[in-house]
Amino acid sequence: MSRVFLDYNATTPVHPAVLEEMLPYLREVFGNPSSIHWFGQEARQAVDRARQQVADLIGAEPSEIVFTSGGTEAINHAIRGAVEKNAGNSRQIITSPIEHQAVLNTCDYLEGEGFHVTHLPVDEYGAVNPGSAADAITDDTILITIMLANNEVGTIQPVREIAGTARERGILVHTDAVQAVGKIPVDVQQLGVDLLSLSGHKIYGPKGIGALYVRRGVKVAPLIYGGHHERRQRAGTENVPAIVGLGKACELAREELDRSAVRLAALRDRLEKGIRSQIPHVQLNGHPENRLPNTLNVNFSFVEGESLLMNLDLLGIAVSAGSACASGTSEPSHVLTAMGIGPEQSQGSIRFSLGRGTTEKDVDATVKALTEIVGRLREMSPLAADSNSGNQPSGE
Ligand code: PLP
C-alpha cells in the first residue's frame, strides 16, 4: 500500500542530508566536546558549528543558544528558569489557553509552587489580542509565554506586539516557536522576545534535540545541574550527533524556507478547496490567512474525528485528530474549546499537516478518500440523517 503522511506537525522524517551529516558522529567522531585533546576538539568544533547554524536561522548569536533534549525541555527551562531567577516578590505568569502541554503543565506546576497564571482569551480563530495581554500585565508580572504558531490550527500569534508592550514594562517574554521555526520566518530581533524554544524533529532533524534561545543579558536558572556544559546552563555531555543533525536541519530550513512555504501553501489550499468542493458541511478551524502554510484543520459535521482518522489510516493516510499528544484521549481539543468551538464540532475535526514529501497526488488521493469515508460515516449517523445532509457539495 502506498502511504500518505499528512501529520508533519506531529513529527518529520530526518532529511537525508541531515542523516549524512550525523553519521560520522555516530561512527568515528566520538570525542567528548569537553576534552581538550584532538578528539574532544573535533567534537567541540562540530557543536560550535551547529550552534552557529541554529543561531543563523533565528537571527541570534551562537552564545545565545543552549542545546536541550527537545522542545519540551527548552520550554521547561525557559519558563521555570526565568521565573526562578527573576521572580523576586512577583508572582504572575501570563500565557494563553491554546499553548502546548509543555507550557500549560509547566505553568500548572508553578501554580502549585505559589505563582498565579493568567490565561489570556483567544478569539474564534485562536488568536490572542495584544491589547488583552497589555491589560493583563500588572506590577506582579514576571513572564509572558505565548506560542508563535499553534500546532493544531496553525494560527500565528501577535508575539511581536505582545513583546513590545512587555519589554517596555520590563517583563520577560518567551515564545514556544516549535511549530513556527522552519515554516515561517522567525527572527528573535524582530520578535523582540527574550526566550524562544525550538525542536529538531519538527524540522527534519532528529528527535530528542532542541534549543533554547536566551537573549544576552537575560538570566535563566538551569533545569539540570552537573558539569559546566553549555555555559553552565545545561549540564550533561552534549548529544553531539543530534546537535550536528539539528544544526544541519536549521541550515536546510533557512535555505528552503521561502520555496517550501509557497509550495506547501499551494498544496494546503488545494486540499482545502478539494474538501470544500466535494464534501458539504465542513468548517475551517483557525485563521483563514494568518496561519502556518502547511496546516489545515477542518471540522466535518456529523462525523467522529477518531473514526475518520482510523478509516483514513486503513487506506494508508495519516492525519491527526487534535494534537498528537492529546490523541488516545476522547477529550475535545483544549485549543478548539478555547476558540469557542463546542464538543461536537471539536470531535469531528481533523488536522492535516503537510511537509517536504507531500505531493499533489497525495492531496488528491486524500480528498477522494475523505469524500468516500465522510459519506459512508454520515450515512450511519442519525444526526446527519436529521439534517438531511446527503453528500452533495454545498459550496460551503
Ligand atoms: N510545542 C509545540 C507547539 C509542539 O507542537 C510540540 C510538539 O508537539 C512541543 C512544544 C514539544 O516539542 P518536543 O516534542 O521536541 O518535546
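Residues numbered from 1 in each chain as written. Predicted model: local features only at pLDDT ≥ 70, side-chain atom pairs only at ≥ 80, totals over all residues. Heavy atoms only, no water.

**Considerations on the pairing of strand β3 (residues 92–95)**
Here's step 1: Residues Q92 and I94 of β3 are buried on one face, and the alternating residues I93 and T95, pointing to the opposite face, are buried as well.
Here's step 2: Relative to strand β4 (residues 116–119), β3 runs parallel, the two sharing 4 bridges. Bridged to I93 within β4 is V117.
Here's step 3: For the crossover that starts at β3, traverses helix α4 (residues 101–112) and ends in the parallel β4, the hand is right-handed.
Here's step 4: Of the pairings in the sheet, the one linking β3 to strand β5 (residues 141–145) comprises 3 bridges and is parallel in character. Opposite Q92, over in β5, you have T141 as the bridge partner. (Buried < 20%, exposed > 50% of the residue type's maximum accessible area, 1.4 Å probe, protein only. Helix = DSSP H or I, 4+ residues; strand = E, 2+ residues; numbered from the N terminus. Pairing = 2+ DSSP bridges. Right-handed = clockwise from strand over helix to strand, strands pointing away.)

**Quick notes on the sheet that holds strand β10 (residues 295–300)**
Here's step 1: Ordered in space as β9-β10-β12, the 3 strands form an open sheet in which the pairing is antiparallel. Edge positions in the sheet fall to β9 (282–285) and β12 (349–353), since each of these pairs with one other strand and no more. With strand direction ignored, the average angle separating the axes of adjacent strands in the sheet is 30 degrees.
Here's step 2: Pairing analysis gives 4 bridges linking β9 to β10, with the strands arranged antiparallel. By the bridge assignment, V282 is partnered in β10 with F300. (Axes fitted to C-alpha atoms, helices over the stretch in contact; angles between N-to-C directions.)

**Quick word on the packing of helix α10 (residues 305–314) against helix α13 (residues 360–380)**
Here's step 1: Between α10 and α13, the least distance of the axes is 10 Å, while the angle of their chain directions is 130 degrees. For the element pair α10 / α13, the angle class is oblique. Crossing handedness for the pair α10 and α13: right-handed. Across the interface between the two elements, S307, L308, N311 and L312 from α10 touch A369, L370, I373, V374, R376 and L377 from α13.
Here's step 2: A class-by-class count of the residues in the contact of α10 with α13 yields 7 nonpolar, 2 polar and 1 charged. (Parallel < 35°, antiparallel > 145°, perpendicular 65-115°, else oblique. Left-handed = near helix turned anticlockwise from the far one by under 90°. Contact = heavy atoms within 4.5 Å. Nonpolar A, V, L, I, M, F, W, Y, C, P; charged D, E, K, R; others polar.)

**Side note on the sheet that holds strand β6 (residues 172–176)**
Within a sheet, each strand pairs with its neighbour through backbone hydrogen bonds, oriented either parallel or antiparallel.
Here's step 1: Taken together, 7 strands build an open sheet; the order of strands is β2-β8-β7-β6-β5-β3-β4 and the sheet is mixed. Each edge of the sheet is formed by a strand with only one pairing partner; in this case those strands are β2 (65–68) and β4. With strand direction ignored, the average angle separating the axes of adjacent strands in the sheet is 20 degrees.
Here's step 2: Contacts from helix α2 (residues 38–58) reach β2, β7 (195–199) and β8 (210–214), with the element oriented near 110 degrees to β2.

**A word on the site of the ligand**
Here's step 1: Near the ligand lie 13 residues; those nearest to it are G71, T72, D176, S199 and K202.
Here's step 2: Side-chain polar atom of D176 to a nitrogen atom of the ligand: 2.7 Å apart, as the coordinates give it.
Here's step 3: In this structure, K202 approaches the ligand through a side-chain N or O atom, which is 2.6 Å from an oxygen atom.
Here's step 4: Per element, the largest residue contribution to the shell around the ligand is 3 residues, and it comes from helix α3 (residues 71–86). (Near = heavy atom within 4 Å. Polar contact = N/O pair within 3.5 Å; in protein donor to acceptor, adjacent residues only side chain to side chain.)

**A word on the pattern of salt bridges**
Here's step 1: Per the stated rule, a full pass over the model turns up 15 salt bridges.
Here's step 2: Two residues, E73 and R234, come together in a salt bridge whose shortest N-O distance is 2.7 Å. Residue E73 is found in helix α3, and its partner R234 is found in the loop between α8 (229–232) and α9 (240–278); the two are separated by 161 residues along the sequence.
Here's step 3: Overall, the relative accessible area of 10% leaves E73 in the buried class.
Here's step 4: Assessed through its relative accessible area of 17%, R234 is described here as buried.
Here's step 5: A salt bridge links D364 to R270, with the nearest nitrogen and oxygen atoms 2.8 Å apart. Of this pair, D364 sits in helix α13 while R270 sits in helix α9, and the two are 94 residues apart along the sequence.
Here's step 6: The exposure class of D364 is partly exposed, given its relative accessible area of 36%. (Salt bridge = Lys/Arg side-chain N within 4 Å of Asp/Glu carboxyl O.)

**Here's the deal with the nonpolar core**
Here's step 1: The biggest cluster of nonpolar side chains holds 64 residues, and the ones touching the most others in it are I58, I65, F67, I144, V186, L196 and L246.
Here's step 2: Among the elements that line this core, the one with the most residues is α9, at 9 residues.
Here's step 3: Residue assignment places this core across two domains, with domain 1 (4–10 + 257–388) and domain 2 (16–253) each supplying three or more.
Here's step 4: Dropping the residues within four chain positions of it, I144 is found in contact with I94, I137, I162, A166, I171, L172, V173 and H174.
Here's step 5: Ranked by size, the runner-up nonpolar core spans 29 residues in total, among them I279, L284, L312 and I317. (Core = buried A, V, L, I, M, F, W, Y, C linked by side-chain atoms within 4.5 Å. Domains from an automatic or database assignment.)

**Overview of the environment of N9**
Here's step 1: Checked against the element boundaries, N9 lands in the loop between β1 (4–5) and α1 (16–26).
Here's step 2: Overall, the relative accessible area of 1% leaves N9 in the buried class.
Here's step 3: Taking the C-alpha atoms as reference, N9 lies 9.3 Å from I203; in sequence the two are 194 residues apart.
Here's step 4: For N9, the contacting residues outside a window of four places in its chain are N151, Q179, K183, K202, N294, T295, R351 and S353.
Here's step 5: Looking at N9, its side chain comes within polar contact range of the side chain of T295, at 3.1 Å.

**Thoughts on the domain arrangement of the protein**
Here's step 1: We note that the domain assignment places domain 1 (4–10 + 257–388) and domain 2 (16–253) within the protein.
Here's step 2: Put simply, the middle of domain 1 and the middle of domain 2, counted by C-alpha atoms, are 29 Å apart.
Here's step 3: Each partner contributes residues to the interface: domain 1 has 29 residues there, and domain 2 has 30 residues.
Here's step 4: Overall, the association of domain 1 and domain 2 removes approximately 2500 Å² of surface from exposure, summing both partners, and the carbon and sulfur fraction of that is 57%. (Buried area = accessible area lost by both parts, 1.4 Å probe.)

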